[in-house]
Amino acid sequence: MAHDFRLLVKNASQVVLICSSGEKFLTKEGMEKLVIIENGSVVIGRDGLIAAVGPADAIELQFRGASFDKVLDAAGMCIIPGLVDAHTHPVWDGDRVHEFSMKLAGATYMDVHRAGGGIHFTVEHTRRASAERLTSGLMGRLRRMLRAGTTLAECKSGYGLDARAELKMLRVIEDVRRALPMGVSATYCGAHAVPRGKSMAEATRDVVDVQLPLLQKKMSSGEIHVDNIDVFCEEGVFDLDSTRTILQAGKRMGLNINFHGDELHPMNAAQLGAELGALAISHLEEVTDEGIAAMATARTAAVLLPTTAYILRLKSPRARDMLEGGVIVALGSDFNPNAYCCSMPIVMHMACVNMKMTLNEALAAATINAAYTLGLSHTHGSLEPGKQGDLLIISAPRWEHLIYQLGGHGELIQYVIIKGSVV
Ligand code: NIG
Ligand code: FE
């Protein structure tokens, strides 16, 4: 017999709602004052949406007599929203463990790239890989993210760099999206590098005149769904004009603009993103004061990627300047063969220690603000009635343990729940 509701999680020491007034994003003041209920409960309906969240005694009274598919007693534990990873490259074949030692010995990211390694190495292997092989690799990586508490992840293509291989990657993302409970926001990143043997102008024309029209066809037939468009705007990759041309073409197709900018050199990518109405720009280690101001005004979010800055020994992204300047700050793992980290709890820890974010800011950046960068903060990123029932139950009396215990998320995350079901 079907019960009235799917799930009751009761008596948690803390329920971290993040916000409670339908905010679509938080800037510094809101991030500092997360909404937390001490001794609370959450109810998720048969539709997988949050039916109620509140003090445990009030929920008990309100739902007296109701039946639930599952009841979890979270005494001594905490509930937080499922984590959102705003930036990942999880579809590829050919790891780059050999390059790790080169970089430790002093080679820069661009030294390796120019020598034909880096993205080019992964492209070579990904083009050759079968869809089945890419699918099983992606499944494994997303499952690993899920175990680390990520319930919604942005997933990019970008190791194909031609129509056939890019569409193969997007098809793999689509298949996995349909097969796994985890939320996936798909990003077309055909302009992730200039393919060997092509000029930047040729690569730009290929993206705009060949790849995007083919993608449009696949999207119209319902074969593939893509949400966002991305470009690696960087010296020696795509310059500002090519980036503009590609992003505008994607925007005309209805894709959200969400791209890599101002990472290794100041490119004025932040200003370009603000001008084009980008939802988000990632990296931004080299953003200028003008770029920060433009992003704050345009409500273009900054996706900061502490693992990449750490591995490449770059200067840390200017999180404090962005927060003080009113920018919407989000976090991502940047999981890719260069930055091999699937764990948002580790990313939050690094954001706090290396980028001087507070614990509350880091959690808001990895939930509501990360959801905003994907255009999904009306359904994800906080525990509010009507939103999707995605949450984590953490076996600690205060939620901050998830960040404090570096690398301890495996033991701390007792349950990952998506749409009210334990996964
Ligand atoms: O976000 N910067 C460009 N793209 C990725 C790296 C991809 C790769 O090296 O394979 C990033 O760090
Ligand atoms: Fe990236």
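Residues numbered from 1 in each chain as written. Chains lettered and ligands numbered in written order. Predicted model: local features only at pLDDT ≥ 70, side-chain atom pairs only at ≥ 80, totals over all residues.

Trainee: Would you mind showing me how to read unusual backbone geometry here?
Mentor: Trans is the common state for peptide bonds, and a negative phi is the common state for residues other than glycine. Although it is not a glycine, Leu161 adopts a positive phi angle of roughly 60°. Mapping Leu161 onto the fold places it in the loop between strand S7 (150-156) and helix H7 (163-179). When the 26 C-beta atoms within 10 Å are taken as the criterion, Leu161 is described as buried. Even without a glycine there, the phi angle at Asp262 is positive, about 50°. Asp262 gets classed as buried once you count the C-beta atoms within 10 Å, which come to 26. (Helix = DSSP H or I, 4+ residues; strand = E, 2+ residues; numbered from the N terminus. Buried ≥ 20, exposed ≤ 12 C-beta atoms within 10 Å, placed from the backbone.)

Trainee: Hey, could you run me through the packing of H7 against helix H8 (residues 200-220) in this one?
Mentor: When two helices pack together, their arrangement is given by the angle between the helix axes and the distance between those axes. For the pair H7 and H8, the least separation of the axes is 10 Å and the interaxial angle reads 35°. Between H7 and H8 lies a crossing of right-handed hand. Packed against H7, whose contacting residues are Ala163, Glu166 and Leu167, the element H8 presents Val210, Gln211, Leu214, Leu215 and Lys218 at the interface. Per-class residue counts for the contact of H7 with H8 are 5 nonpolar, 1 polar and 2 charged. (Axes fitted to C-alpha atoms, helices over the stretch in contact; angles between N-to-C directions. Left-handed = near helix turned anticlockwise from the far one by under 90°. Contact = placed C-beta atoms within 7 Å. Nonpolar A, V, L, I, M, F, W, Y, C, P; charged D, E, K, R; others polar.)

Trainee: What is the right way to read the pairing of strand S5 (residues 78-81) from this model?
Mentor: Each regular strand carries side chains that alternate between the two faces of the sheet. In terms of strand pairing, strand S1 (residues 5-18) meets S5 through 2 bridges, oriented parallel. Bridge pairing in S5 links Gln14 to Cys78. Pairing of S5 with strand S14 (residues 391-394) involves 4 bridges; the strand directions are antiparallel. Among the inter-strand pairings, Pro81 is bridged to a residue of S14, identified as Leu391. (Pairing = 2+ DSSP bridges.)

Trainee: Can you walk me through the site of ligand 1 in this structure?
Mentor: Taken together, the neighbourhood of ligand 1 is formed by 13 residues, with Ile119, Phe232, Thr308, Asn336 and Asn338 sitting nearest. Of the residues that constitute the shell around ligand 1, the class distribution is 4 nonpolar, 7 polar and 2 charged. (Near = placed C-beta within 6 Å.)

Trainee: Hey, could you run me through the pairing of strand S15 (residues 413-418) in this one?
Mentor: Alignment of S14 against S15, held across 4 bridges, turns out to be antiparallel. Looking across to S15, one finds that Ile393 is bridged to Tyr415. Looking at chain direction, S15 and strand S16 (residues 421-422) are connected through 2 bridges and run antiparallel. Across the sheet, the residue bridging to Ile418 is Ser421, located in S16. Hairpin geometry of S15 and S16 is characterised by an intervening segment of 2 residues between the two adjacent antiparallel strands and by a positive phi of about 50° at Lys419.

Trainee: So what exactly am I meant to see when it comes to the environment of Ala366 here?
Mentor: Relative to the helices and strands, Ala366 is located in the loop between helix H15 (359-365) and helix H16 (368-373). A tally of 32 C-beta atoms within 10 Å means that Ala366 is categorised as buried. As a C-alpha pair, Ala366 and Thr204 span 162 residues in sequence and 32 Å in three-dimensional space. Leaving out residues up to four positions away in the same chain, Ala366 has contacts with Leu83, Val84, Leu331, Met344 and Met348.

Trainee: How do you make sense of the UniProt feature "domain: Amidohydrolase-related" (unreviewed entry) in the chain when you look at a structure like this?
Mentor: Here the UniProt-annotated "domain: Amidohydrolase-related" (unreviewed entry) positions come out as residues 79-422. Structurally, residues 79-422 is divided into 45% helix and 16% strand, and its ends, taken at the C-alpha atoms, are 13 Å apart. (UniProt positions renumbered as here; feature names shortened; annotations may be inferred.)

Trainee: How should the domain arrangement of the chain be read in this particular structure?
Mentor: Interface size is commonly expressed as the accessible surface area that is lost when the partners come together. Looking at the assigned domains, one finds that the chain contains domain 1 (5-82 + 382-422) and domain 2 (83-373). One C-alpha centre belongs to domain 1, the other to domain 2; they are set 29 Å apart. Contact residues are listed per partner, giving 27 residues for domain 1 and 30 residues for domain 2. Secondary-structure elements contributing two or more residues to the side of domain 1 that touches domain 2 are S1, helix H1 (28-32), S5, helix H17 (401-404) and S15. Split into classes, the residues belonging to the side of domain 1 that touches domain 2 amount to 16 nonpolar, 5 polar and 6 charged. (Domains from an automatic or database assignment.)

Trainee: Would you explain helix H6 (residues 131-147) in this entry?
Mentor: An α-helix turns once per 3.6 residues; consequently, residues spaced three or four apart project the same way. In this model H6 runs 24 Å from its N-terminal to its C-terminal C-alpha over 17 residues, within 8% of the 24 Å that 1.5 Å per residue would give. Listed in full, the buried residues belonging to H6 are Leu134, Leu138, Arg141, Leu142, Met145 and Leu146. The buried residues of H6 occupy an angular sector of 145° when projected down its axis, which confines them to one face. Exposed and oriented more than 90 degrees from the buried face of H6 are Glu132 and Gly140. Looking at the buried positions of H6, the neighbouring elements they touch are strand S6 (83-85), S7, H7 and S15. Positive phi shows up at Gly149, right after H6, with a value of about 100°. (Expected span 1.5 Å × (residues − 1). Arc of directions from axis to C-beta.)

Trainee: Looking at this structure, how should I read the nonpolar core?
Mentor: Ile79, Ala302, Ala330, Leu331 and Ala351 are the most contacted members of the largest nonpolar core, which totals 143 residues. Per-element tally for this core: the top contributor is S1, with 9 residues. Counting only domains with at least three residues in this core, you end up with domain 1 (5-82 + 382-422) and domain 2 (83-373). Leave out the neighbours within four places in its chain, and Ile79 touches Val9, Ala12, Val15, Val16, Val42, Ala74, Leu391 and Ile393. (Core = buried A, V, L, I, M, F, W, Y, C linked by C-beta atoms within 7 Å.)

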